Structures are given as structure tokens and as C-alpha cells.
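Here are the chains, one letter per residue:
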Amino acid sequence: MKYHRRPSGLLTPEKELIQPGLCSLLTVNQLVGFGAGGGAGGNRTLLQILTDLSLTSNLKLCFDAGDSASYGGSGQTWTDRGGTQDFWFGADGGSSTDDPSFNGSPGGLSSSEYMGSNGGDFFRAKAQPAFIQNVHKNNARWAGFAVVYQTGNNALGITGTTGTGSPAVGFDWVLNSGVQTLTVGTGGAAALYKPCDSVVGANVWNFLAVDVDEATGAGGGFFRKNKAYDQVSSSDTWDATYSSPSASSAAQTVEIGARGNGDIAMANGSQKACFAFWQGGGITEAEFDAIYDALNGERGFI
């Protein structure tokens, strides 16, 4: 190990540097943003932020348009940094009109890196991940996070497996005319239906999140919107109990930017920068806000 001489004459390891005016020591990794895919200027990837915040337990999916390891600027695959399941651009690996388009510079880690749409675009899992079958079933425990930009108060699928506006077996987390809405379907009725009270902002970036603890029931669910609760019936939290949930498999393969089968795919001008999903555990309000502070603070979306 190499050493550098401090002003006092003492030797300090190469990996430790003293920041002027502070007593604490910062590692080289902390200063330049290395680690799980850190970029130039000290900005971190979504995966590195979640790692630094100790939020990778139960992390299943992690997509980041600004992370060159998630998308290097070419090809038909958005790589899952969570290591579970990569997604196709569009319905499959072929070039098509349902393919989103990458904008920005690979590895740029700024608000200029995102996946855009000219209308009807989405990402589909290359194969249905096993964990997704637990999201719509009894005792479900999961959470989702997305950085999205919508044009107008349109219908926009954030993610889902129902593939339809009727309650097919599965779940869908969408913007319904600009309103965050969660539906869990059984194939005959909705086991859960939670629309928020107000629309999210149009023509601006929004950090959206949802957390569900079905077994907890009352108070077991909440939405977040840019470091604030997105209320349901004037309440910060809501009853997350699924009413007679299905034990069958989801109707459709999970998608990002649509709710399955390309339904309510990203509208023209819509954008998606980051997406994460946890199953088997959830994320607290404070933890969601910490992700917002880190990601927005470094990339300047809002």
C-alpha cells in the first residue's frame, strides 16, 4: 500500500484523503464516485446509491439509463443491475416501433440520460421473473420506485402484469389520467384498487414510489411523490389488504413503461430515467426520500 505524507508529517494510506476544513476522512471512492458503476464528476449510478444507502436487500430490479453498465448506448437490451432479469426494448429483441429510444451520453449520469418514447413504447422482461408472481398474491410484500416524465395528464404504465384495464390476474402501477393508481387483479374482480387524490405534475420529472405490505393490512400501503405522500382518500397510508387474491400466475409478462401486453405504453414525449423494484421486503418513506435526495441532488432532475 502506498502512503502520502500529511502536513503533520504522519503517513496516511493512499485510500484516505483529508478534505480541507473538515476533520473527517473521505475515501477515494467517496470523492470520485467509484464503486458500483460511479461516473465522472462524482455522480453515482442508481445501484451505487442503493448500495451506499444499504437498500439492496430484496432488490430484484434496478434499471438506470445513465449507467453505462445498464445501457451502453446501443443494442436492444436494458440490463438489470439488480441481476434478476434483463428487459427487451419493446416486445422482443427485434427493432420495432414499440422500442424506446436512448437519449444522452452513455454513462453520463445526468438528467439528460433517459429512455424516451415517440408513442406506444415499453420494455418487456426477456422471461417472466419468478418473484413477480408473488406481487399479486396473499401476503405480498414489495415496493417500486420510478423516475418518470409524462407529457400531459395521460395514461402511462409504470409497470405491471395485467395487460388490461379490467382486473386480470396480476398487478399494475400506472398513471391513470395523471393519477398514481395501483390495481391488483384476480381475473374477476379487483383485490385492491388504490387511486391517489391528485395528478402528478405534467411536463416535469417526477420521483414516484409505492410500498405494499399486504399482511399488515391497515396502514400497510403508501405512495410517494417527490418527497411527499401522494394521498389516497386524504390519508397518507391505506389498507393494503388484498380481497380474495388469486393464487394463479400473472396474465402477462412484466413490463416497464406499460402494464403488460404493451397496454397504456409510454405516450409520445414520455421519458423514464430510473426504475427499481423490491420484493420480499419494502422501503420506508425516509428511505425513499434518501434515494430522492441522492439521485436528484447529483443529477438535477427537479
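Residues numbered from 1 in each chain as written. Predicted model: local features only at pLDDT ≥ 70, side-chain atom pairs only at ≥ 80, totals over all residues. Heavy atoms only, no water.

> Please set out the overall build of the protein residue by residue, giving values where relevant.
Within the protein one finds three helices and 20 strands. Of the contacts made within the protein by residues no fewer than 6 positions apart, 62% connect residues no fewer than 24 positions apart. Total accessible area computed for the protein in this model is approximately 11,900 Å², and 47% of it derives from carbon and sulfur atoms. (Helix = DSSP H or I, 4+ residues; strand = E, 2+ residues; numbered from the N terminus. Contact = heavy atoms within 4.5 Å. Areas by Shrake-Rupley, 256 points an atom, 1.4 Å probe, with all protein chains shown as cover.)

> Can you explain the packing of aromatic side chains? Please cite residues and give values.
To describe a pair of aromatic rings, you give the distance between the ring centres and the angle between the ring planes. Throughout the structure, instances matching the rule amount to 21 aromatic pairs. With a centroid separation of 5.1 Å and an interplanar angle of 50 degrees, the aromatic rings of Phe63 and Trp78 are classed as tilted. Of this pair, Phe63 sits in strand E5 (residues 59–64) while Trp78 is found in strand E6 (residues 77–78), placing the two residues 15 residues apart along the sequence. With respect to burial, Phe63 and Trp78 carry one shared label: buried. Ring geometry for Phe222 against Tyr229: centres 6.2 Å apart, planes inclined by 85 degrees, an arrangement best described as edge-to-face. Positioned above the aromatic ring of Trp88, the side-chain terminus of Lys126 is 4.1 Å from the ring centre. (Phe/Tyr/Trp six-rings, centres within 6.5 Å; stacked < 30°, edge-to-face > 60°. Buried < 20%, exposed > 50% of the residue type's maximum accessible area, 1.4 Å probe, protein only. Lys NZ or Arg CZ within 6 Å of the ring centre and 35° of its normal.)

> Describe in detail the nonpolar core, supporting the description with residues and values.
Grouped together as the largest cluster of nonpolar side chains are 43 residues, with contacts concentrated most on Trp142, Trp173, Leu182, Trp238, Phe275 and Phe277. Ignoring any residue separated from it by four or fewer positions in sequence, one finds Leu182 in contact with Trp142, Phe171, Asp172, Trp173, Leu192, Tyr193, Lys194, Val210, Val212, Phe223 and Trp238. Leu50, Leu55, Ile283 and Phe288 belong to the second-largest nonpolar core, a separate cluster that totals 27 residues. (Core = buried A, V, L, I, M, F, W, Y, C linked by side-chain atoms within 4.5 Å.)

> An account of the state of the cysteines is needed here, citing residue identities and associated values.
For the coordinates displayed, the defined rule picks out zero disulfides. Here Cys62 is not disulfide-linked; the sulfur of Cys274 is the nearest cysteine sulfur, at 7.7 Å. Since its relative accessible area comes to 0%, Cys62 is described here as buried. Residue class for Cys274 comes out buried when judged on its relative accessible area of 0%. (Disulfide = S-S within 2.5 Å.)

> I'd like to hear about the pattern of salt bridges, residue by residue, with values.
Between side chains of opposite charge, pairing is possible as soon as their charged atoms come close. Tallied over the full model, the rule gives eleven salt bridges. The residue Asp64 makes a salt bridge to Arg299 at a minimum N-O spacing of 2.7 Å. Highlighted residues: Asp64 in strand E5 and Arg299 in helix H3 (residues 285–299), separated in sequence by 235 residues. Side by side, Asp64 and Arg299 carry an identical accessibility label, which is buried. What you see here is one network of salt bridges that share partners, running through Arg44, Asp52 and Glu298. (Salt bridge = Lys/Arg side-chain N within 4 Å of Asp/Glu carboxyl O.)

> So what's going on with the sheet that holds strand E10 (residues 123–125)? Which residues, and what values?
In space, the eight strands of this open sheet follow the order E6-E7-E10-E19-E12-E13-E14-E15, with antiparallel pairing throughout. Strand pairing shows two members of the sheet lacking a second neighbour, E6 and strand E15 (190–199), which therefore form its edges. Sheet analysis places E6 next to strand E7 (residues 87–89), joined by two bridges and oriented antiparallel. The residue bridging Trp78 from the neighbouring strand is Phe87, located in E7. (Pairing = 2+ DSSP bridges.)

> Before we move on, can you summarise the environment of Trp88 with the specific residues and values?
Following the sequence through the fold, Trp88 ends up in strand E7. Overall, Trp88 belongs to the partly exposed group, its relative accessible area being 25%. Expressed as a C-alpha distance, the spacing of Trp88 and Phe122, which sit 34 residues apart in the sequence, is 8.7 Å. Aside from chain neighbours lying at most four places away, what touches Trp88 is Gln76, Thr77, Gly93, Phe122, Phe123, Arg124, Ala125 and Lys126.

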